[in-house]
Each structure stands twice: as structure tokens, then as C-alpha cells.
Amino acid sequence: MTSRRATTTLWRPTGPEELELVRESNWRAWPPRLPEQPIFYPVLDEDYAIKIARDWNVKHSGAGFVTRFEVDSAFLARYPVQQVGGRTILELWVPAEELEEFNAHIVGEIQVVHEFR
């Protein structure tokens, strides 16, 4: 009998440049943060991710994408949920220096679930 790890679904709004780097990783990892990006913040609500991709990424990059991916729930317990607005405006703040370890706990592929232009 095979035991499956419990996973948590996360979403990430992203622009075309970051998405291309994810594609280059075979849909398995997020790219390292830029020096001016001290945290990586996946979100816990699909509608919140859609709002960011549609209202911010399109304005700044010409396109916005919402990705969905699964992460080992036990690993995620180290990151407290950050409520940054209303009750569904929830993020995890992953320090940039921990992103490689975070990527190692992604289960399966990162999937594009919405696209805005």
C-alpha cells in the first residue's frame, strides 16, 4: 500500500517572464528571487490570484497568468499564513533564501489555470 503525502493547493499570479522561467524548469520550480524581491509569496485563494494577475500583471507586463500547484502540507507548516487585506487575501511569505527548499517540496507540476491579456 502506498501512502500519499498530504498537500496544500497554492496559487501564484505571475507575469510572462517568470512563467517562462517556470516552463524552463519543466514546470517543477519557481525561479530565484531578484535582489529587490526578499520574499516569494504564493497565495491561498484562487480569486485573489486572479485579481492580481488580471489587475496588476497585465498592466505591468501585458499578460498575467494564474498558476496552481501542490506543496507538502507538513513542510508548509513553517510559514504562518499572512492576512494582507480582507479575509480571503491570504499569502505565505517564503524568504528568498528558502525558495530552493520550498521548490523541493512541490508535489507534481506547476499548472497554468488562467491567462489574461
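Residues numbered from 1 in each chain as written. Predicted model: local features only at pLDDT ≥ 70, side-chain atom pairs only at ≥ 80, totals over all residues. Heavy atoms only, no water.

Some remarks on the overall build of the protein
Defined as follows: Numbering of helices and strands runs from the N terminus, with a helix taken as a DSSP run of H or I at least four residues long and a strand as a DSSP run of E at least two residues long. For this measure, only C-alpha atoms enter the radius of gyration; the expected value for a globule follows 2.2 Å times N^0.38, where N is the number of residues. A simple rule labels every residue: compare its accessible area, found with a 1.4 Å probe on the protein chains alone, to the largest value its type can have, and call it buried under 20%, exposed over 50%, or partly exposed in between. Contacts were defined at the residue level, with two residues in contact if any of their heavy atoms lie within 4.5 Å. Here the open area of atoms and residues is found with the Shrake-Rupley method and a 1.4 Å probe, where only the protein chains shown may cover a residue. For the purpose of counting charges, residues Lys and Arg are taken to be positive, whereas Asp and Glu are taken to be negative. His and the chain ends are not included. A single reference atom marks each charge: NZ on Lys, CZ on Arg, CG on Asp, CD on Glu.
Looking only at helices and strands, the protein features four helices and seven strands. Helices and strands in the protein line up, N terminus first, as β-α-β-α-β-α-β-β-β-α-β. Here the C-alpha atoms of the protein give a radius of gyration of 14 Å, agreeing with the 13 Å that 2.2 N^0.38 yields for 117 residues. Over its C-alpha atoms, taken along the principal directions, the protein stretches across nearly 45 × 35 × 30 Å. When burial is assessed residue by residue, the protein has 38% of its 117 residues classed as buried. In the protein, the share of contacts with a sequence separation of at least 24, taken over all contacts with a separation of at least 6, comes to 79%. Accessible area of the protein: about 6,900 Å², with a carbon and sulfur share of 51%. With 13 positive and 18 negative side-chain charges, the protein shows a separation of 4 Å between the mean positions of the two kinds.

Quick word on the packing of aromatic side chains
We apply this condition: Ring pairs shown here join Phe, Tyr and Trp side chains whose ring centres sit within 6.5 Å, with only the six-membered ring taken for Trp; geometry is labelled stacked below 30 degrees between planes, edge-to-face above 60, and tilted in between. As a reminder, the over-ring test applies to NZ of lysine and CZ of arginine, requiring each to be within 6 Å of the ring centre and within 35 degrees of the ring normal.
Scanning the entire structure with this criterion turns up six aromatic pairs. In textbook terms, an aromatic cluster arises when at least three aromatic residues are bridged by ring pairs, as seen for Trp30, Phe40, Phe69, Phe75, Tyr79 and Phe102. Sitting over the ring of Trp30, Arg12 keeps its end group 5.8 Å from the ring centre. Stacked on the ring of Tyr41, the Lys or Arg Arg12 has its end atom at 4.9 Å from the ring centre.

Quick word on the layout of surface pockets
Just so we agree on the cut-off: The way it works is a 1 Å grid over only the protein atoms, where trapped points that fit a 1.4 Å probe form a cavity and open points with protein on both sides within 12 Å along at least five of seven lines form a pocket, and then any residue with an atom within 4 Å of a point lines it. Grid points are joined across faces, edges and corners, and a volume is the space filled by probe spheres set on the points. Note on residue categories: nonpolar means Ala, Val, Leu, Ile, Met, Phe, Trp, Tyr, Cys or Pro, charged means Asp, Glu, Lys or Arg, and polar means any other residue, Gly included.
The volume enclosed by the largest pocket comes to roughly 480 Å³. Lining the largest pocket are 19 residues, and of these Arg12, Glu18, Arg33, Gln37 and Trp56 sit closest to its centre. Residue assignment for the lining of the largest pocket shows that the elements contributing at least two residues are strand E1 (7–14), helix H1 (16–24) and helix H2 (46–61). Ranked by residue count, the leading element in the lining of the largest pocket is H2, at four residues. Residues of the lining of the largest pocket, tallied by class, amount to ten nonpolar, five polar and four charged.

Topic: H2
Inclusion rule: Note on bend: at a given residue it equals the angle between the axes fitted to the 7 residues ending there and to the 7 starting there.
Of all the bends in H2, the largest measures some 30 degrees and sits at Ala53. Along H2, the residues that are buried comprise Tyr48, Ala49, Ile50, Ile52, Ala53, Asn57 and Val58. Structurally, H2 contributes buried residues whose contacts are with E1, strand E3 (64–72), strand E5 (90–92) and strand E7 (106–116). Downstream of H2 by one or two residues, Gly62 has phi in the positive range, about 85 degrees.

Describing a nonpolar patch on the surface
Operational definition: Excluding any residue in a salt bridge, patches collect residues exceeding 30% relative accessible area, merging like charges within 9 Å and nonpolar Val, Leu, Ile, Met, Phe, Trp and Tyr side chains within 5 Å. By definition here, a salt bridge exists when the distance from a side-chain nitrogen of Lys or Arg to a carboxyl oxygen of Asp or Glu is within 4 Å.
A surface patch of nonpolar side chains, about 230 Å² in accessible area, is lined by Ile39, Val84 and Trp93. The residue Ile39 is located in strand E2 (residues 39–40) in this model.

Observations concerning H1
Quick note on the threshold: Within this analysis, the arc is defined by the directions that extend from the helix axis to the C-beta atoms.
Glu18, Leu19 and Val22 are the residues of H1 that are buried. Taken down its axis, H1 places every buried residue within 100 degrees of arc, on the same side. For H1, exposure combined with an orientation more than 90 degrees from the buried face picks out Glu17 and Glu24. In the core, the buried residues of H1 are packed alongside E1, E3 and E7. Phi turns positive one or two residues past the end of H1, at Asn26, with a value near 60 degrees.

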